[in-house]
Amino acid sequence: MKPIRFILAVLLVAALPFLTGCESSESETASAEPEPKAEEKEAPPEPLTGKHVVIMETTKGDVTMELDADVAPKTVENFLQYVDRKFYDQTVIHRIRKNFMVQGGGYQIDTFDTNRLRSKWTRDPIPNESDNGLSNVRGSVAMARGEDPSSATSQFFVNVRNNRQLNRDHPKSDGHGYCVFGKVIDGMRVIDEISRVNTTEKGSHKYYPAVPIFIKTIRRAPAETADEEVSGG
């Protein structure tokens, strides 16, 4: 038995360098493998640019508006997302200041109580882009907001007269202003007509039209129509 045990021990000792070498080789090979690349982050989307024409159909007539994404990219993109979701369909013009402004874009008449207005769910508020050089003059389209300068969501208004006191840099401004992001290029007579209707109180709304005025739809203008409007055709 001793000779056999001796032979086995000799063979085991002889094999140790070979076994150790294999482990070392495997270890070196494993450590030499390249680490997986971290996932590349997607580049942020390019800001919206250019002029975008939309048509607002109301119960008083149609109003065509040209939106300027070159100076108010976030505001125009936000507005167009509401348009594309058909958010404004069957909303009401809920605030009319005679010969001052016409405001809508946030309320519907409550289905179960027609004496109440129901606010619609909105996207997150957007930054105030009122420092873009556009002015609250007659026919301009601007975003409505609360006391927080960056609280605008879906509501907008059309200036019926020059309201430069709503501009960021006007001495009578609150220092933040109301962001103008477009203008009426056709149908200002419709806005004028709306601005002259009788108003009443409806809940917390003090300047609600005595006879409801609806925004039926707001849609992007067909490409050929938009080209004609922008070129003055």
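This section reports on the structure supplied with the text. Remember, it's a predicted structure, so these values are computed and weren't measured experimentally.

Notes on the overall build of the chain
Logical step 1: Assigned secondary structure in the chain consists of four helices and twelve strands.
Logical step 2: Buried residues in the chain amount to 40% of all 233 residues.
Logical step 3: Accessible surface, the chain: about 14300 Å² in total, of which carbon and sulfur atoms supply 52%.

Things to note about the side chain of Lys 120
Logical step 1: With respect to the helices and strands, Lys 120 occurs in the loop between strand 6 (117-119) and strand 7 (140-143).
Logical step 2: Buried and without a salt bridge, Lys 120 has Asp 89 as its closest oppositely charged side chain, separated by 7.4 Å.
Logical step 3: Looking at Lys 120, its side chain comes within polar contact range of the main-chain oxygen of Phe 87, at 2.6 Å.
Logical step 4: Setting aside residues up to four positions removed in sequence, Lys 120 forms contacts with Phe 87, Thr 91, Gly 106 and Gln 108.

Some remarks on the pattern of salt bridges
Logical step 1: This model, assessed by the stated rule, comprises nine salt bridges.
Logical step 2: The partner of Lys 51 in a salt bridge is Asp 68, and the shortest N-O contact between them spans 3.8 Å. Of this pair, Lys 51 sits in strand 1 (residues 51-58) while Asp 68 sits in strand 2 (residues 61-68); the two residues are 17 residues apart in sequence, bridging distant segments of the chain.
Logical step 3: Across the salt bridge formed by Asp 174 and Arg 145, the nearest N and O atoms sit 2.4 Å from each other. On the criterion of sequence distance, the pair formed by Asp 174 in the loop between strand 8 (156-159) and strand 9 (180-186) and Arg 145 in the loop between strand 7 and strand 8 is long-range, its members being 29 residues apart.
Logical step 4: Linked by salt bridges that have partners in common, Lys 51, Asp 68 and Asp 70 make up one network.

Structural notes on helix 3 (residues 188-195)
Logical step 1: Summarising burial for helix 3: six of the eight residues are buried, a large majority.
Logical step 2: Along helix 3, the residues classified as buried are Met 188, Val 190, Ile 191, Asp 192, Ile 194 and Ser 195.
Logical step 3: Where helix 3 is buried, its residues contact strand 1, strand 2, strand 3 (91-97), strand 4 (101-104), strand 8 and strand 9.

Points about the sheet that holds strand 9
Logical step 1: The strand order around the closed barrel formed by eight strands is 1-2-9-7-8-4-3-12, and the pairing between neighbours is antiparallel. With direction set aside, neighbouring strand axes in the sheet form an average angle of 35°.
Logical step 2: Pairing of strand 2 with strand 9 involves four bridges; the strand directions are antiparallel. From the neighbouring strand, Met 65 faces strand 9, where its bridge partner is Val 184.
Logical step 3: On top of the sheet, helix 2 (residues 73-84) reaches strand 1, strand 2, strand 7, strand 8, strand 9 and strand 12 (214-220); it is set at about 110° to strand 12, its chief contact.
Logical step 4: Where helix 3 meets the sheet, it contacts strand 1, strand 2, strand 3, strand 4, strand 8 and strand 9, and its direction lies at approximately 115° from that of strand 2.

Here's the deal with the packing of aromatic side chains
Logical step 1: Applying the stated criterion across every chain yields a total of eight aromatic pairs.
Logical step 2: Between Phe 79 and Phe 156, the ring centres sit 5.3 Å apart and the planes meet at 85°, which makes this aromatic pair edge-to-face. A residue pair is termed long-range when its members are at least 10 positions apart, and Phe 79 in helix 2 and Phe 156 in strand 8 qualify at 77 residues.
Logical step 3: A centroid spacing of 5.3 Å and a plane angle of 50° characterise the contact between Phe 79 and Phe 181, whose relative ring orientation is tilted. A residue pair is termed long-range when its members are at least 10 positions apart, and Phe 79 in helix 2 and Phe 181 in strand 9 qualify at 102 residues.

Each value, and the rule that gives it
- Residues numbered from 1 in each chain as written.
- Predicted model: local features only at pLDDT ≥ 70, side-chain atom pairs only at ≥ 80, totals over all residues.
- Heavy atoms only, no water.
- Helix = DSSP H or I, 4+ residues; strand = E, 2+ residues; numbered from the N terminus.
- Buried < 20%, exposed > 50% of the residue type's maximum accessible area, 1.4 Å probe, protein only.
- Areas by Shrake-Rupley, 256 points an atom, 1.4 Å probe, with all protein chains shown as cover.
- Lys, Arg positive; Asp, Glu negative; His and termini not counted.
- Salt bridge = Lys/Arg side-chain N within 4 Å of Asp/Glu carboxyl O.
- Polar contact = N/O pair within 3.5 Å; in protein donor to acceptor, adjacent residues only side chain to side chain.
- Contact = heavy atoms within 4.5 Å.
- Pairing = 2+ DSSP bridges.
- Axes fitted to C-alpha atoms, helices over the stretch in contact; angles between N-to-C directions.
- Phe/Tyr/Trp six-rings, centres within 6.5 Å; stacked < 30°, edge-to-face > 60°.

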